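An overview of the molecular structure
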Amino acid sequence: MMKVTQTFFRKYRITILVYIGIIALYAFVANNRLVNAFLFPTTTAICKAFLGDLNVMRLNLIASLSILTPAILISLILALIIGIIMGSNKGLREALHPVLYTISVVPSILLSPFALLLAPSFRMASLFLIVYESIWSTVFGTITGIMTIDKRYLDKADVLKLRGLKRYLYVILPAASPSIISGFINSLSGTFVMLVYAEMYGAEYGMGYYVRQNAALGLYDRTWAGFIFMIIVLVIVMQCFEKIRNRILHWTM
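An account of the accompanying structure is given in this report. (Residues numbered from 1 in each chain as written. Predicted model: local features only at pLDDT ≥ 70, side-chain atom pairs only at ≥ 80, totals over all residues. Heavy atoms only, no water.)

Attention now goes to the overall build of the protein. Within the protein, the regular secondary structure consists of 10 helices and zero strands. Reading the protein from its N end, one meets helices and strands in the order α-α-α-α-α-α-α-α-α-α. Relative to its 253 residues, the protein shows a buried fraction of 34%. Here the protein has roughly 15,600 Å² of accessible surface; of this, 71% comes from carbon and sulfur atoms. When the 22 basic and 10 acidic side-chain charges of the protein are each reduced to a single mean position, those positions are 10 Å apart. (Helix = DSSP H or I, 4+ residues; strand = E, 2+ residues; numbered from the N terminus. Buried < 20%, exposed > 50% of the residue type's maximum accessible area, 1.4 Å probe, protein only. Areas by Shrake-Rupley, 256 points an atom, 1.4 Å probe, with all protein chains shown as cover. Lys, Arg positive; Asp, Glu negative; His and termini not counted. Charge placed at Lys NZ, Arg CZ, Asp CG, Glu CD.)

Here it is as structure tokens:
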């Protein structure tokens, strides 16, 4: 345990120092009333709000994850299907890649009013917006990964007479996996942001709702506590996926 702790601090010592510096700067500015004391409460007030509302934030986090988890799974499945089809077919890729790119550059935030008004429920609207936000990085990562596979792998697959599903499972997807996984992980932060944005305008539960509700009531100590809680959750989620990526891609540099 001691060795793991030492390795962690040795690896992230600069990161930890940066976070300490940010916290110290905020504490100095807020505690000395150098900025608006209403919008920037003291660190003591934020800590009390954080500890006091910890269970409430946990419940709202569960509500957020109940939407986020299926949305990520749907976007991953759709991205792999689209990416594999287009990455494997040059003619289809050349015809549809500009179309996909055109659609992907439309910010999901611009679509949120239409989604929230036209969808049969807030949950369906949120699922659509999150999938739309998260799918493109994985789609383009899959297409790029398949396009850049070393031809020697495909030649060896031909020698071994690997066809159809086996060819994809044992050769194409493993070879393209670094690009696919990198695209997927890059999309996660934007996915979380989109979820919080959607919850701010239509949900009755969730972390976005918690932050919006407290900001509307002028409880900025709880608003800041919600921000900090979301940052902690996002960092933990990203670190978990980084560990999974390193495990899956242990054969790469």
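One can describe the packing of helix α2 (residues 43-52) onto helix α10 (residues 220-248) by two numbers: an axis separation of 8 Å at closest approach and a directional angle of 65 degrees. By the criterion of interaxial angle, the relationship of α2 to α10 is roughly perpendicular. Where α2 crosses over α10, the handedness of that crossing is right-handed. In contact with A45, I46, A49 and F50 of α2, α10 contributes D221, R222, W224, A225, I228, F229 and I232. (Axes fitted to C-alpha atoms, helices over the stretch in contact; angles between N-to-C directions. Parallel < 35°, antiparallel > 145°, perpendicular 65-115°, else oblique. Left-handed = near helix turned anticlockwise from the far one by under 90°. Contact = heavy atoms within 4.5 Å.)

The gaps of empty space that remain are located by a probe, the size of a water molecule, rolled over the atoms. Computed from the structure, the largest pocket encloses a volume of approximately 900 Å³. In this structure, the largest pocket is lined by 24 residues; those nearest its centre are Y19, I23, I228, I231 and I232. Put simply, the parts of the chain that give the lining of the largest pocket at least two residues each are α1 (2-31), α2 and α10. Along its surface, the second largest pocket is lined by L76, L80, L173, S177, I180, I181, F184, I185, F241, I244, R245 and I248. Looking at the lining of the second largest pocket, the elements with two or more residues in it are α3 (54-88), α8 (164-202) and α10. Per-element tally for the lining of the second largest pocket: the top contributor is α8, with six residues. Considering only residue class, the lining of the second largest pocket consists of 10 nonpolar, one polar and one charged. (1 Å grid on protein atoms, 1.4 Å probe; cavity = no way out; pocket = protein on both sides within 12 Å on 5 of 7 lines; lining within 4 Å. Points joined across faces, edges and corners; volume = space filled by probe spheres on them. Nonpolar A, V, L, I, M, F, W, Y, C, P; charged D, E, K, R; others polar.)

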